[in-house]
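Commentary on secondary and tertiary structure
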Amino acid sequence: HSPTGYGLGQTLGTSAGTQTFESVARADVIMVIGANPTDAHPVFASRMKRRLREGAKLIVIDPRRIHLARYATYHLQLRPGTNVALLNMMMHFIIKEGLADKSFIEARTEGWEEFRDQLLALDVARMEEVTGVDRELVRKAAIAYAKSPAAMSFHGLGVTEHSQGSFTVMQIADLAMMTGNIGRRGVGVN
């Protein structure tokens, strides 16, 4: 398996993405992490930009100021190699704000209590220091993702080719599951 395949296979039972690129037209929040779709996936990027013009919010998680960052509602410009810490912070804030989708979690996940407790025990000040991203900006992005009726994430080589790539992909899937963003149009992990 590729790092992406391994991470999604471990969390979702399939190594393929959970949505088609066309479904971005139904997303209300789009999170792009370690990817530059305007260069690598121009058709998808075109659809994404159309959706952004229609009012969707964009979260860009990337140390670089990629082209898409200019369209971002939230550009989380983290230090290279700190995806794990940043995603942990996002999940911590979703739990703290009471935005986890309890019905989805109870019906379709396992090990929630232990996972939740680990995230709540995180030292957010330390995560902020490690990532270089202001915790309030991360909190706002996490709330936007969690409150969205349809949030989708799109990750690329910036995630999968990193030494923590498989774990990061699992975290992206965990973020989608804890907010109920799996299994319908306009949501998922790609």
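All values derive from a computational prediction rather than experimental measurement.

Attention shifts here to the overall build of the protein. A tally of regular secondary structure across the protein gives 10 helices and five strands. Relative to its full complement of 190 residues, the protein shows a buried share of 53%. For the protein, the proportion of contacts with a sequence separation of at least 24, taken over those separated by at least 6, is 73%. As displayed, the protein offers around 8800 Å² of accessible surface, 47% of which is attributable to carbon and sulfur atoms.

Looking at the secondary structure, you find Thr 131 in helix H7 (residues 124-131). Among the polar contacts made by the side chain of Thr 131, one reaches the main-chain amide nitrogen of Val 133 at a distance of 3.1 Å. Setting aside chain neighbours within four positions, we find Thr 131 in contact with Leu 78, Arg 79, Thr 82, Ala 85, Leu 86 and Met 89.

Another aspect to go through is the pairing of strand S4 (residues 151-155). Most of S4 sits inside the fold, with five of its five residues counted as buried. Here S4 shows two buried faces, one formed by Ala 151, Ser 153 and His 155 and the other by Met 152 and Phe 154. Of the strand pairs in this sheet, strand S1 (residues 29-33) and S4 are connected by five bridges, and their pairing is parallel. Among the inter-strand pairings, Ile 30 is bridged to a residue of S4, identified as Met 152. Pairing of S4 with strand S5 (residues 188-189), which is carried by two bridges, proceeds in the parallel orientation. Among the inter-strand pairings, Met 152 is bridged to a residue of S5, identified as Gly 188.

Here we take up the nonpolar core. Membership of the largest hydrophobic core comes to 43 residues, with the highest contact counts inside it found for Ile 59, Ile 61, Leu 76, Met 90, Tyr 145 and Leu 175. Among the elements that line this core, the one with the most residues is helix H4 (residues 83-96), at nine residues. Filtering out sequence-adjacent residues up to four positions away, Ile 59 remains in contact with Val 29, Ile 30, Met 31, Val 32, Tyr 74, Leu 76, Ala 141 and Tyr 145. Core analysis: the next-biggest nonpolar cluster, separate from the first, contains 16 residues, Val 24, Met 48, Leu 58 and Met 152 among them.

It is the contact of H4 with H7, at a shortest axis distance of 9 Å, that shows an interaxial angle of 145 degrees. At the point where H4 passes H7, the crossing takes the left-handed sense. Residues Ala 85, Leu 86, Met 89, His 92 and Phe 93 of H4 pack against Val 124, Met 127, Glu 128, Val 130 and Thr 131 of H7. In terms of residue class, the contact of H4 with H7 is made up of seven nonpolar, two polar and one charged.

Any two side chains of opposite charge can pair, on the condition that their charged atoms come close. Inspection of every chain in the model, using the stated rule, returns eight salt bridges. Close ionic contact of Arg 126 with Glu 129 constitutes a salt bridge, the shortest N to O distance being 2.9 Å. Note that Arg 126 and Glu 129 are positioned in helix H7 at a spacing of three residues, about one turn of the helix. Judged by relative accessible area, Arg 126 falls into the partly exposed class, the value being 41%. When salt bridges that share partners are traced, they join Asp 28, Arg 51 and Glu 54 into one network.

The next thing to look at is helix H8 (residues 135-147). Between its terminal C-alpha atoms H8 stretches 18 Å, which fits the 18 Å expected from 13 residues at 1.5 Å a residue. Along H8, the positions that sit buried rather than exposed are Val 138, Ala 141, Ala 142, Ile 143, Ala 144, Tyr 145 and Ala 146. Capping the start of H8, Asp 134 holds a side-chain oxygen 2.9 Å from the backbone nitrogen of Glu 136, two or three residues further along.

The rules we used
Residues numbered from 1 in each chain as written. Predicted model: local features only at pLDDT ≥ 70, side-chain atom pairs only at ≥ 80, totals over all residues. Heavy atoms only, no water. Helix = DSSP H or I, 4+ residues; strand = E, 2+ residues; numbered from the N terminus. Buried < 20%, exposed > 50% of the residue type's maximum accessible area, 1.4 Å probe, protein only. Contact = heavy atoms within 4.5 Å. Areas by Shrake-Rupley, 256 points an atom, 1.4 Å probe, with all protein chains shown as cover. Polar contact = N/O pair within 3.5 Å; in protein donor to acceptor, adjacent residues only side chain to side chain. Pairing = 2+ DSSP bridges. Core = buried A, V, L, I, M, F, W, Y, C linked by side-chain atoms within 4.5 Å. Axes fitted to C-alpha atoms, helices over the stretch in contact; angles between N-to-C directions. Left-handed = near helix turned anticlockwise from the far one by under 90°. Nonpolar A, V, L, I, M, F, W, Y, C, P; charged D, E, K, R; others polar. Salt bridge = Lys/Arg side-chain N within 4 Å of Asp/Glu carboxyl O. Expected span 1.5 Å × (residues − 1).

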